[in-house]
Structures are given as structure tokens and as C-alpha cells.
Protein chains: 4
Amino acid sequence: MSGLLAGLDERITGVRELCEDLHRHPELSFQEVRTAGVLAQRLRAAGYEVTTGVGGTGVVGVLRNGPGPGVLLRADMDALPIQEVEAVPYRSTATGVAADGTEQPVMHACGHDTHMAALIGAAEQLAAHRDSWSGTLLAVCQPAEEGGGGAQAMIDDGFLERFPAFDVALGQHIASAPSRHLYVRPGVFMAAADSLRVTVHGRGGHGAQPQATVDPIVIASSTVLRLQTVVAREISPDDVAVVTVAAVHAGGKENVIPTTAELTLNVRTFDPDVRERVLDCIRRIVRHEAAAAGAPREPDIEPINGFPLLVNDSEAALRIADAFTEQFGAEFVHEPPAKAGSEDFGVFGAAAEVPSVFWNFGGFDPALYPDPAKPNSAVAAGKAPGNHSPEFVPTGLEPTLLRASAALVTAAALWLR
Amino acid sequence: MSGLLAGLDERITGVRELCEDLHRHPELSFQEVRTAGVLAQRLRAAGYEVTTGVGGTGVVGVLRNGPGPGVLLRADMDALPIQEVEAVPYRSTATGVAADGTEQPVMHACGHDTHMAALIGAAEQLAAHRDSWSGTLLAVCQPAEEGGGGAQAMIDDGFLERFPAFDVALGQHIASAPSRHLYVRPGVFMAAADSLRVTVHGRGGHGAQPQATVDPIVIASSTVLRLQTVVAREISPDDVAVVTVAAVHAGGKENVIPTTAELTLNVRTFDPDVRERVLDCIRRIVRHEAAAAGAPREPDIEPINGFPLLVNDSEAALRIADAFTEQFGAEFVHEPPAKAGSEDFGVFGAAAEVPSVFWNFGGFDPALYPDPAKPNSAVAAGKAPGNHSPEFVPTGLEPTLLRASAALVTAAALWLR
Amino acid sequence: MSGLLAGLDERITGVRELCEDLHRHPELSFQEVRTAGVLAQRLRAAGYEVTTGVGGTGVVGVLRNGPGPGVLLRADMDALPIQEVEAVPYRSTATGVAADGTEQPVMHACGHDTHMAALIGAAEQLAAHRDSWSGTLLAVCQPAEEGGGGAQAMIDDGFLERFPAFDVALGQHIASAPSRHLYVRPGVFMAAADSLRVTVHGRGGHGAQPQATVDPIVIASSTVLRLQTVVAREISPDDVAVVTVAAVHAGGKENVIPTTAELTLNVRTFDPDVRERVLDCIRRIVRHEAAAAGAPREPDIEPINGFPLLVNDSEAALRIADAFTEQFGAEFVHEPPAKAGSEDFGVFGAAAEVPSVFWNFGGFDPALYPDPAKPNSAVAAGKAPGNHSPEFVPTGLEPTLLRASAALVTAAALWLR
Amino acid sequence: MSGLLAGLDERITGVRELCEDLHRHPELSFQEVRTAGVLAQRLRAAGYEVTTGVGGTGVVGVLRNGPGPGVLLRADMDALPIQEVEAVPYRSTATGVAADGTEQPVMHACGHDTHMAALIGAAEQLAAHRDSWSGTLLAVCQPAEEGGGGAQAMIDDGFLERFPAFDVALGQHIASAPSRHLYVRPGVFMAAADSLRVTVHGRGGHGAQPQATVDPIVIASSTVLRLQTVVAREISPDDVAVVTVAAVHAGGKENVIPTTAELTLNVRTFDPDVRERVLDCIRRIVRHEAAAAGAPREPDIEPINGFPLLVNDSEAALRIADAFTEQFGAEFVHEPPAKAGSEDFGVFGAAAEVPSVFWNFGGFDPALYPDPAKPNSAVAAGKAPGNHSPEFVPTGLEPTLLRASAALVTAAALWLR
């Protein structure tokens, strides 16, 4: 490694230890207090001016290094209410208070620990080489990406006014793909997401007197099955949509038919017309499946949250892909299809009206991926865990983090040199 | 009113006030502390030797009144985790800690308040007329009928050894039927109940990557729908069974497909062969609905609790029906079909190897029941609430309680005179 | 055997041969031409005045034998469009033109062949002993019981005007029960039946473009599953109903999504209120399951046919049960529950305003029925075929037919002596 | 219009009349006798050597016009068993004998009439201008594209040996898109298709005795619903699949539960791995949905037919797209996504090991398509009929056929000049 990347490989053991420490101590959205403290301390030690508590628990490190463009590097900090399997020594046994007020096991099941560690690695590396570039670097540790409120919360907390201007926003996400491989594409990168809460209203009663009730669990079950037809029957094969019922809750006592059932829906789309059609279909199905049972009133449908489409600036994305190819070799750089996952990273670039680019880096054993151009193929084959699975623990942490830190440095250098 | 019933009508206002007080302060199973205290105090004031804490929170009042048979009168004390609608001034706003550890609204949605009030009315009346009969009276206030553990808990706590012997056990339950009407039948009175917990095992993951998961919510929903076929297709029209899915719980975070889903099933049957067939069908459906989705392992099915068949002693039941007819008039006494509800009242008679008889009394506006011989007909017609509904608040409390207390006195007198 | 039954056992070989001949040559409803010819010839040979072509293909034999009451004995003649399994030498290989105009295999899968043979046996026996009784005998061979139009067609064809008056109508049906056993009950004997045709309207299109269609097969499938909830959830466990989807037809070419789907429903109930509720539920479910898919118009629901409740005259039924007990022994006479099957036999008694009684006789190997009081128990256990099954071939024909003929003679004698 | 296209616009009235005539007289697969006769006569009149009866009812016209490359132009001839709506004066009222032996209404609901007319237009035009080009032209009228056997039947009938060699195969299909617009893409153009017949085995019986049966209609319905999850849950959002249940047939008599149910499935995929996964899922679901009902044996799954992927030669396709752009203007030439429909056109090129190119032409009112780059958008919006719909009648026949004939001439000229 040479130039801006010189010495990054020596730095990476410490980055890996940071990653394991973060993995062992995951925190839920907007509760990233310990996490923020650890990151703020690392950034300060590297010479950054650090502000904490931005948009709740967010951390912003600024390195002013002479005239020149501003570059924002962003990592997300939050974990998920999932019980980690026993697989690694740094397994999480942490718990946290979930949105419903209950105590839940918590896990970095979406790899945000690797995002943070790679960001710190890049931030430290760029600080160490500050004589080789000029401009301003913003290292942004965002709370609450899961659920999508964190980026907007930072913007709403005066981000644009309180911190230096930036000319590009860069971010990355680990993928179920081989370590050292990078995935970047111009244009649409990730889906729009809409989450909805559906409350089905039946009529409660005694478990032995169904005829005196309108059973909301039957309605909910029929609704879940019928919702499968939205993607299977109502969307063109040329279009993409995902409709997931992520939660269903109804009932308590075993001899009581409950009065209501609650469904949580999650919808992914890449096109506004398709999105509108999918939401229309959902509303129609939910309403008539309840009416088919003689429900006393229509279900309530309320939005929980939403993510916009994540769209990469095409010119900037192609520049970055070229730089990756030159730096790491063409065999490690791929143009993936747009992904059905969602992200609020785009909020920074949109708010500042500057280009933003987001990419994926692989984090798993390359042997699992006969064709590295196909991220997630090992998941489809049942050989590797997908994101949000209790088994989503990246393997080969050091090569993964080395490549991810180097990718951030390489991309940032396109503006900072 | 004459004889043993003389003056009962004057006593009933106080009984009604007791009922309203109990209604306002419902308590969940095995948590009936205030309730037990109120009842113990009333029984003591009427001259009973009172023991509390029997089988947890149970109360036993004994009135030894010379030689002669022993008669056990039983009421159940517990309420349900249901939020009462706003309908009466003595509406419950109480809460309690449910089996899952959460705080829940609580309501006497199964009318146990009327059972207790009627028992106190009868106990006080028989105490006041103790010169007209001879024998021993046991007034038993049982905890935890819902879920079925309370009667057995009292027996297990040495009931038969600690209290006087009895020759008959009598109990009653309010029904969705007109006030002042009574329903008694020889033989099978209520169903056997089996409650099961089914845990479906899928494979969790990201809400946008369904292909990397086995969605347990789809399995659970398909299972619920398919379970409808047990009663609809697999049981003879000559037989009776009820299969209720009383609860379904799965998932949390809106962008995470969960790993498991949990169903709570409640099964009612009147015949051991039918029971076995229904349970077999459930096991078959649960297993194959999971396998249809490629579930990584079979669902777990565990019993939660069960109630035996409630069978009235035929001779004793017919004697009581005759006495009711003589006392109240044939138009107020009916022989209903066996009911799909369940009860643990039978545990007392079975443990002591003596006859037991259980009956229903109506508690609602007679105008709703064009044919009083058909309890629940107004429920079926959507004009009256069924048991365990948040609207199950008896109307016409005074005539209801007067008749229910009088029924207990009348039945007891068959043995005590 | 003595009295009126003397010699019946010698006659039974010929009756069995008749039964096998009829079995080998089944004919569909209103097409019973050969059958009617065979029966007419037998009745004429026995001395009856015979009229054919009554109500289509019906046959009426009259034996005027002096003053006294009139007794109507009825058998039904039609078979079903079912392919018989290979089990007996007299297996049917006949075909007929079904209601949809297609050629279908035909089978006596409901045992009407045994009804006819037993009727002939009784008619011949009573004719042979005409010096032992006085009155008028009507032997009625009715067309088209399956589907229910045959009895009414005979009445509409002037039956009451053209033939002698009768004081009682008697009929019987083979059951999946042990040979030589009889089943009779006062009051409701068989269910009301309603058959409906539901036409679901979708929007057709290319199999690869589901988004341009409204798939009627998905609607139909969801409707079938949801209809299971009518019996499972919407009817009291105290009530009885059966909702069967007996046919579903949609589509042709494998790459064309069809425009419509057609369902045939069959409903059994024992109570007019339950019947109305079930039909309401069906209408509601059918409508909303189509609307859930965005169907361009509501499904059409048209009645196909219907059977009234079959109700036995209580006094007459009890007299017959007593006579059976005296003649055959109490161990061979049972009071079954009301059956969900349907019959148009009641049309004769109702039209003439005279009592009618219908009973069942067993026709299968007694070893299959550990408790002969439970007809159909071997079916439930999977050991014997049910009615309308391609395996429904009675075993032990001679004892079966001997008992069935004797039952008709014994019952008729209560009026004719 | 100039060059090879000069005078084509004057020819088009006759082409349109041919199209209307073919539309009025549609014929089912391998029954295209009249159609073949009409086409053969037109080709002969234009100077082609014509062979009929190739691969059943296929027609091949050959025009040898000096040295040079061979070009195969192909149209498909068969129609579908669909009842046409009343919309145009040349509406079809024809019938034909479908695969199941029944007489069915027949309609050109997939626009093969326009394919034939456009082929004749091009063939006549090229014949009229034979002094402007050199080479050999093959005008191929293929039977039985629907169901996929026709192209292979022609090859199997010695096509390659009996007719001149060709260097490229060209074909086109009408789309639900604006008239005068053309859609061509390199690489995968249309999906692989697999059609399957699933026979579900239950146990038949009486409609009133469901407990004695295993209801195959319930199994079939549950299977149809569960099959929706294949596309909705088991395929990556990045992949494309369509699973259509195109037919379901079970039952006849309204009081008989049938023994079997038959489903016809149609599957579309673009990738061999996805295809294998979808077929695996189908097998798994079909098997377990039957087992969930206790079916006496596993369903049978048999392939009916299949289409391979249709892949355009990339270089040839790009040459053709460029020629279309130059000839008709860039605003009329689009690169569509791969389509889920299927075609056996590719069989000719594959058999001869030469490039083949297939494209779409629009055939409907342009006002319905605000964005002409999106074929089928008006179908999705419910404003235009999709292929195989009873309303699929192209509008603006003359401009449509003019453009389609011109496209064939333009593409052929790339080789023939």
C-alpha cells in the first residue's frame, strides 16, 4: 500500500478490536450512548473537533485541513432487538428497551459495527496523512438508521448550520458478499421503504363461543396470505416490490378470543407508481379481508415510518468505481443491481443539495461465493446468513475492515486531493 | 317468598352492592387478594368459620349446623385481562400483571362477580335461617377458574383433610340468557378443554430479503386458516368441537422478519375419540404447514393446560331441576344442550367422590330472548355480548342475583332439610 | 320367521340378484329407463297395477287388497356420476350424460339399488301374503333423489289425484353401519340442503402478465378457504351445519389466466335460523373475497336446488321402533342422531298431509363396527367407505336385503293389519 | 417512403383486410388449415415457392433471388380458446375443439393475425422490389406457438434439410404498446416457461359427510394460495419469476365431494437457478399442502410443455435497433426490459446455429401511453387489454401493420443488401 493508504494495514488490528468491542456492546436506535462515547474519544484522539448529542446521540468529528472541498463520511451506529447466536467470542449478550417498552436482547445484526470501525479506520488514516491532502473532513456517526429517523434528526438538529459545508456525502454498508469485494452503481441504489401498522378490529369473546365473536386472528391470517398476492399477482414481473408482514400480535389468555389484531407491514419499491399501486392493493386487501368476516369496523392503517429511494449521483458513482478499480483491481469491483433494502443515508446529500454515493463492501468468507459478482447468492443457497439474521456475524474481520477503510479513503481522496 | 327463601328479597340490595363492588375491583387468577378479603369478611360476619389462603387465595367458610349432610357451594373469584367498555357506573378501571409479565386492564368479563355475590346471598340467607335446617354448609370461594388451576390447587392444599366432608357439590355460572331463568341438565354439561402452545420455527432475516428467510408469519397465518378445516371438514356433523387460535405473536422491528411465531390454541370437545382426532389433525396441519414453507425444523407443540369434561350427576341434577320447577315455575327452568365452555368445578366432586351438579342462570334483559329456552340466541343474533367480551356486563342485577341466590338455597335445601 | 315374514328368507336370493343387476346397470337422475322397466315388470308379475312415466321415469305399483288404510312404500332409483372401483363382480361400467353434457361413468354409490331391491322384496312378500292383511299398498319407485327433484316431480305429475290415498309414507336408506341393524328416530331425521352456484368474475389475460388481470382462481381459492370459517367460527357449537364446496372449475389453456371461476356449494342445516345465518355468511365471504382482489364485478350466486328438512312423525316413528325391537331384538334397533344428509322422501307425506317415517338400515360387515349404535364410525376410522364414495359397495348383500325387506313389511303391517 | 419501403403504404389496405379476415377466422394450434391455405395462396401469388403441411399445418414460402445471405422471416398462426368480446365488425365467432375435447370459442387474443399480415406485407414488398436486393428469403408461417410445439414440429419435419439455409432468423410480436413504436433489446428477450399438471388425490364421499373424506378442493385451494408465496417470499427481489395457476378443475355433482382435483401451473423464469428453485418450491408446497389434509397419497406433478429462454443475438439486435432508429426515428425505438412471456421462435435460430432476433411492435392507440417507452403501462393502469384477454383487439390496424411490415423489411435488408 502506498500514498494515502500507506500504513493502513498496520492500523487495522486496532480497528478490528474496536469493531469487536462495538459488536459486544450493541445499543438500540437513539440509545447509542456508550457507542457514541467510544467513537467520540477515538475521533478526538485522532485530532478531530468532536460534537456529541447531535440529533440525539449522533457524533460529528470535523478535521479542517486547509482550503478545498468538504467530504462527509458517514457510519450508522444502532443495533437491532435480536438475540445473537453463539458463534464468536465477542458475541453480544446485551439487552435494551425496545419500542414496545419490553427488555430485549440486542445485536449488531446489520453490521453497523463494521461501518463504524471502518469509518474510524479511514478517519484516523486521513488524519495521519493530513499533509497529503487539503480540505475539510466530516466524520459523521449517525444514530437510528434502523427505522430511518436518525439522519433526519441530525439535519433537524441544525447539522447544516453547525458544521462545515461539504461537497459530497459518502457512505457504505456491509453486504453478504466476499470480503475485499466492493459493489457500487450509478443511479438508484436502494429501495423506498414504507412501514405501516394495521389494526384489525374484530369482536372479542369466549374461546368456546366463536359464533358470538368476529375472530381478528382469522382476519389477520387471511390478510397475511392474501397480501402475498400483491407481489405475486398485481405487480408486473418487470417491476420490483417486496411486501413483508414483519410482525403480528393478537390475543393473550388462551380461552379468550381477542378484539383486535395488529400487523406490521414493510414495503419496498423502486418506482413511485409501483409504490402507489402496492399501497393501494394493501389497503384494498386489508379492508375486504376484514369485511369478509363481518368485522364491526374497518381496520386502521397508519404509517410508522418511511425511507426515500437512495439514489447515487451517477457521475460521482462512476468516478468512485473507476478509482476502486484502479486501486483494488477490476476483479474486486462490481456493479450490483439496485437493492430492496433501504437507507436514510441519502438525507445528508439531499439536505445539502450535493451529490452522495453509497456502496457495499463484502464481509464474508470468499469460498462461499463462487461468483463474487452476485452478492447474497450464498444467502439464497442457504450457506450464509442474511442481514438481520441472528447469525449475521461477518467473518474475516481484518481483511474486510482493511478494504472498507481503504475504500472510504480512496473515495474521499477523489475530492480531497 | 316463604320458608328458607323468606326475606331473601330484602337482602338482595346488599348483595347487588357487593356485586358492583367486586365488579369494580376485578383481580386476575391467583391474585384475588382484595376479593378474598371482602368475601372472608362477609362470611365471618354471617357466622362462618373462615379460612383464607387455601390453594393460594381461596376462601372457605364453614357453617356447622348440627347433624346431617354436608353441602358444598362454590363460586369462582378471578377476572380476565380485558379492557371493559364504558357501560355502567361501576365499570372496572383496574389493571393487573398478566401471565406474560405485562400490565393489563382487568375485567369481570365472565361474570364471576355475580357468582360470588349470589354465593354470599345464599350463605347469608342459610345462616339467617339456620334453625330451619340441619347439616354442614361449606361456602367455597375458588381462585383461578380461568385457566383451570384453582380447584385443583385447593384440593392439593389439603381441602378434603382440612374441612368437613360434603355429600354434594353445587355450583352455577351466569349465562347470556334472560334474568330469572335457570338451565340444568343431567350428564355432560361442559366440554373438555385443551390449550396448546405452538412455536413455529422459521429463519429470520431482513424484511427486504425474504428469499434468505423462512417467514414464520406466513407459516403461522396459513396454519390458522388451515386449522379452520378441522371443525369444518374433519369432524362429523354429529360431533362437536371448537378449535380457537386465541393468540398469535411474532416479530417486532418493522424491517426484520422474525425467526419464530407463537400460536396459542384452545380446543373444546365432548367425546374422547373426537378429542383425539382433533388433536391429531392439529398436529398434522401444524407440521405440514411449516414443512410447506421449508421450515428448518418442526414446530414445537406443548400443552398449556386442560379442563376435564364437566359431568352432572344425573339423579341429583334431575332432583334439582324438579325443585327449581316447583319453586320458580316450569317456564323458568330449561334443559340446555351441553356447552362448549369448560369449568374446573367438577374437581371438588371428583376428589371427594360425591355427586356434583352445575347449572346456569340468566343475567340479561329478557326482552332480548324471544325464546328463553335458547341461551346465547341473542349473542348469535348480535344483540347481546357473549362471555369474555369487553361488553359482558349483566343487566338487571337485582332480579338476576335474587334468582341465583334462591337457586343455591333451593338446591342446598334438598340435602340440608 | 313367521307370520307376514314367513318365507321371506327363501325369496331373498332373487332379491339379491335383482340388486346386483341394478347395481351393474346404474342410471343418472331422470334417466332411469331400464331401471324403471325392470321394476315395473317385477311389480306387475307380483300382481300390482303398474303405472310408469310418473314424474318423468317414476313407477307406481298399486295393490288394492280390501278395505283399510293405505300405506306408501318408497324407494329411489337414480345413481351418481362416479367411477366405481373394482371390488365386486357386478361392478358398474356404465356411463351416462351428466348435467354438464359430458359422458361420465355412473355408479350406485349411494345404495339406491339396495333400496329398490328391498322394496321389491317387501312388495312381493306382502302380495304373497295378501290374505293376512287388508288395505291398499303403494310401491313407489321415485326418480332423481340426488338433486332432489324427483319426489316433487311425481307430485306435480298428479300423484295424489291419480293414485289411491295413503295414511302413512314409509322409506328407508342404507347406511354405513352393520348389516341387520336398523336406525330410527322421532322428529328431525335429515338436514335441509341448499346448493348454490357461485360465479366469480375476474379479468382474464396472459399467464405471464398477472398484473394486467384479476386472477379468478386466486379469488376462488381464497373463497374456499374462507368458507371453512362459516362452520368453524360463525355457527354455535350447539348448532349443526355443513358447508361443502363440491366443485370448482376455471381455466383451460396453460398460459391463459381465465376470466371466471365457478364454484358449486352444498349447505346442510337443521334449523331455519342457522340456515339463514350460514347463507348470509356465504354471501358476505363470496362478495368480499372477490372485492379483495379488485374484481370488476360482484360474483353471481344462484340457487341450484334444495331439500327441505326431513322430519319423522314422532308417534309413528316410535311405534315403528317398538315393532322393530319386538321383531328383531333390541340389540338391532338404535336411535341415531339427526343426519346431515338430505332426502326428498318427506315430499310425499307433506303433500298428502299424512305422517311419514324414514329410517336407515346397515349394509356392511358387522366386524367393522365395534359399537353398532354408531353408524359411520367405521367411516370416520377410515375402515369403511362413506356414501358417494367410489368404494361404497355394500357387503353381505343377502342379510342386508333380508333385514331391509323385513323392516318394510314389519312397519307396513302396523297399518295394514 | 423510399428505397425498399417505397409503395408499402399503398399496399397496406390489402394487408389490413387480410388481417381482419384472419381475425374473423381464428384456428387453434395445429388446426390452422384455412389460415395456412390463405397464407399459402398469398405467398404463391407473390412469386414464392410454397410448401404446406410442414410440421403439421406450417407453410414455408421461399424466394430465391440470386446469390447472398438467407433471411428467415417467421410469423405464428394459431389462436386461443377464448370468447372474443363484441368490439369490432370483424369479431370472431368461430369455435374449435380444444385439447380437452370440448368445443370452445376461438379468438386471435394474442395478435398472431397481425404477425401473419405483417409477414405477408413484408414478403410481398420484398418480392415487388426483388431487383433491389440479392439473396434468399424464407417466409415461415408456423403453427402452434401457444403451447410451444410448432417450431420444433417444423424442425422435426426436416425443415433444415428441405429448405434453403439462412443466416439470420427474424420475428416479431405485437405488444400492448402504442402503434408505430418498436421494442428491441440484445440478450435475453423472453422468459423460459414451464407448464405443469398437478393432480391432487383426496378421498371422495358425500357432501354431508366431510369427515369421511379428504376434500381435494380444500387442498387445491390452499395450494393455490400457498403458491403465491413462491414469488412473494422465496425469490430474490433482484430475480424475476411468475407462477400462475391457469386452471383448476374438480368435482361435478353438488352433493359429492370429489376424489381428485387438477391444477394447471405455468411458470416463467429468466435464469436457470431461479427456475430450479421455483420448481423446487412448487414441489414442496404441493406435497405438504396435500399432506396437511391427510391425503392418501402424494399429488402427481407432470410437465405439460415448456419453452426455452428466448435470447437475441446481441450484435444482430443492436444492428437492427440502429437501422430502426435511422429509418423510423429514435422516438419510435425503445429497449424494453426482458419480458415474462415466452416464445418458441428461438428454435429456428438455435437449430440452424445462426443468430436470431425478435422484437415487439406496438398495436394500440398512442393516447393510452403517456410514456411510449413503457409497453404494458396502459394495461397496468387498466386502460388497455393485455395479451390473452378477450378484449385484446389491436386498434389503428393500418399504421400498426405498416410499421410492422416496414420493420421486417428494414431488418431483412441489413442482410439482403
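Residues numbered from 1 in each chain as written. Chains lettered and ligands numbered in written order. Predicted model: local features only at pLDDT ≥ 70, side-chain atom pairs only at ≥ 80, totals over all residues. Heavy atoms only, no water.

Colleague: Is there a simple way to think about the UniProt feature "binding site: Mn(2+) 2" (unreviewed entry) in chain A in this case?
Modeller: Within the UniProt annotation, "binding site: Mn(2+) 2" (unreviewed entry) is assigned to Cys110(A), His112(A) and Glu146(A). On the basis of their most widely separated C-alpha atoms, the annotated residues across 37 residues gather in one place, lying no more than 10.1 Å apart. Position of His112(A) among the secondary structure elements: in helix α3 (residues 112-128). One polar contact links His112(A) to Asp76(A), side chain to side chain, over a distance of 3.4 Å. Tracing the sequence through the fold places Glu146(A) in the loop between β6 (135-142) and α4 (150-156). Apart from residues lying up to four places away in sequence, Glu146(A) is in contact with Ser29(A), Asp78(A), Ala79(A), Leu80(A), Cys110(A), His112(A), His388(A), Lys253(B) and Asn255(B). (UniProt positions renumbered as here; feature names shortened; annotations may be inferred. Helix = DSSP H or I, 4+ residues; strand = E, 2+ residues; numbered from the N terminus. Polar contact = N/O pair within 3.5 Å; in protein donor to acceptor, adjacent residues only side chain to side chain. Contact = heavy atoms within 4.5 Å.)

Colleague: Even after reading the chapter, I still don't get the interface of chain B and chain A, so can you show me in this structure?
Modeller: By a frequent convention, interface size equals the accessible area lost on bringing the separate parts together. Each partner contributes residues to the interface: chain B has 53 residues there, and chain A has 53 residues. Buried area between chain B and chain A, both sides added, is near 4400 Å², and the carbon and sulfur share of it is 60%. Ranking the residues of chain B by area buried against chain A places Lys253(B), Glu254(B) and His388(B) at the top, with a combined share of 14%. Summed over the shared surface of chain B and chain A, the number is zero salt bridges. If you look at where chain B meets chain A, you find 20 residue pairs in polar contact (both at pLDDT 80 or more). Counting only elements with at least two residues in the side of chain B that touches chain A, the list comes to β11 (205-206), α6 (216-234), β12 (241-250), β13 (256-257) and β14 (260-269) of chain B. No other element matches the eight residues that β12(B) contributes to the side of chain B that touches chain A. Class assignment of the residues belonging to the side of chain B that touches chain A gives a composition of 22 nonpolar, 26 polar and five charged. (Buried area = accessible area lost by both parts, 1.4 Å probe. Salt bridge = Lys/Arg side-chain N within 4 Å of Asp/Glu carboxyl O. Nonpolar A, V, L, I, M, F, W, Y, C, P; charged D, E, K, R; others polar.)

Colleague: Looking at this structure, how should I read the domain arrangement of chain A?
Modeller: Residue and element names in this part refer to chain A. The assigned domain composition of chain A is domain 1 (2-190 + 309-416) and domain 2 (192-306). On a C-alpha basis, the centroid separation for the pair domain 1 and domain 2 is 35 Å. On the side of domain 2, seven residues touch domain 1, which itself brings nine residues to the contact. In this assembly, domain 1 packs against domain 2 so that about 640 Å² is buried in total across both faces, 61% of it on carbon and sulfur atoms. The largest per-residue losses of area from domain 1 upon contact with domain 2 belong to Leu309, Ala340 and Ser342, which jointly make up 65% of the total buried on that side. Counting across the domain 1 and domain 2 interface gives one residue pair in polar contact (both at pLDDT 80 or more). Tallied by class, the residues present in the side of domain 1 that touches domain 2 amount to five nonpolar, three polar and one charged. (Domains from an automatic or database assignment.)

Colleague: Just to check I follow, could you spell out the sheet that holds strand β15 (residues 300-307) of chain D for this structure?
Modeller: Sheets are built from strands that pair by backbone hydrogen bonding, the pairs being arranged parallel or antiparallel. The sheet built from eight strands is open, its strands ordered β15(C)-β10(C)-β14(C)-β12(C)-β12(D)-β14(D)-β10(D)-β15(D) with antiparallel pairing. The open sheet terminates on both sides in strands that have one partner only, identified here as β15 (300-307) of chain C together with β15 of chain D. Sheet twist, expressed as the mean angle between neighbouring strand axes with direction ignored, is 25°. Seen against the sheet, helix α7 (residues 272-292) of chain D touches β10 (192-201), β12 (241-250), β14 (260-269) and β15 of chain D and runs at an angle of roughly 165° to β14(D). (Pairing = 2+ DSSP bridges. Axes fitted to C-alpha atoms, helices over the stretch in contact; angles between N-to-C directions.)

Colleague: Is there a simple way to explain the relation of the copies chain B and chain A in this structure?
Modeller: Two chain copies here: they are related by a rotation about an axis and a translation along the same axis. The transformation that overlays chain B on chain A combines an axial shift of 0.1 Å with a rotation of 180°, and the residual RMSD is 0.1 Å. This pairing of chains is accounted for by a two-fold axis. Of all interface residues in chain B, 100% are interface residues in chain A too; the two copies therefore contact each other through one and the same surface. (Least-squares fit on C-alpha atoms with pLDDT ≥ 70 in both.)

Colleague: I keep staring at the pairing of strand β2 (residues 58-65) of chain B and nothing clicks. Help me out?
Modeller: Moving residue by residue along a regular strand, the side chains alternate between the two faces of the sheet. Residues and elements named next belong to chain B. With respect to burial, β2 is a largely interior element, seven of its eight residues being buried. As judged from the five bridges shared by strand β1 (residues 49-54) and β2, these two strands associate in the antiparallel manner. Following the sheet pairing, Thr52 is matched in β2 by Val59. Two elements, β2 and strand β6 (residues 135-142), share seven bridges in a ladder whose sense is antiparallel. The residue bridging Leu63 from the neighbouring strand is Leu137, located in β6. (Buried < 20%, exposed > 50% of the residue type's maximum accessible area, 1.4 Å probe, protein only.)

Colleague: What is the right way to read the interface of chain B and chain C from this model?
Modeller: Each partner contributes residues to the interface: chain B has 19 residues there, and chain C has 20 residues. Across the chain B/chain C interface, buried area totals approximately 1600 Å², and carbon plus sulfur atoms make up 53% of it. By the criterion of area lost to chain C, the three top residues of chain B are Gln228(B), Arg233(B) and Pro237(B), representing 31% of everything that side buries. Summed over the shared surface of chain B and chain C, the result is one salt bridge. The closest approach of N and O atoms between Asp271(C) and Lys374(B), which form a salt bridge, is 3.8 Å. Across the contact surface, chain B and chain C share four residue pairs in polar contact (both at pLDDT 80 or more).

Colleague: Would you mind going over the sheet that holds β14(B) with me for this structure?
Modeller: Strand order in the open sheet formed by eight strands is β15(A)-β10(A)-β14(A)-β12(A)-β12(B)-β14(B)-β10(B)-β15(B), and the pairing between neighbours is antiparallel. With partners counted over all chains shown, the strands left at the sheet margins are β15 (300-307) of chain A together with β15 (300-307) of chain B, one partner each. The mean angle between the axes of side-by-side strands here comes to 25°, regardless of whether they run parallel or antiparallel. Pairing of β12(B) with β14(B) involves eight bridges; the strand directions are antiparallel. Paired with Thr244(B) across the bridge in β14(B) is Asn266(B).

Colleague: I tried to follow helix α2 (residues 33-45) of chain B on my own but got confused; where do I start?
Modeller: An α-helical turn contains 3.6 residues, so a residue and the one three or four places further along point in the same direction. Residues and elements named next belong to chain B. With 13 residues, α2 should reach 18 Å at 1.5 Å per residue; the first-to-last C-alpha distance of 18 Å fits that figure. Among the residues of α2, those classed as buried are Thr35, Ala36, Val38, Leu39, Ala40 and Leu43. Buried residues belonging to α2 abut α1 (8-24), β1, β2, α3 (112-128) and β6. In the segment just after α2, Gly47 is the residue with positive phi, at about 105°. (Expected span 1.5 Å × (residues − 1).)

Colleague: Help me out: how do you make sense of the nonpolar core in this one?
Modeller: Buried together is how nonpolar side chains tend to be arranged in soluble globular proteins. In this structure, Ile282(A) and Ile282(C) are the most contacted members of the largest nonpolar core, which totals 136 residues. With sequence-adjacent residues up to four places away left out, Ile282(A) is seen in contact with Leu196(A), Leu227(A), Val243(A), Leu265(A) and Val267(A). Counting residues in each nonpolar core, the second largest holds 80 residues, with Ala46(A), Ala123(A), Leu126(A) and Ala413(A) among its members. (Core = buried A, V, L, I, M, F, W, Y, C linked by side-chain atoms within 4.5 Å.)

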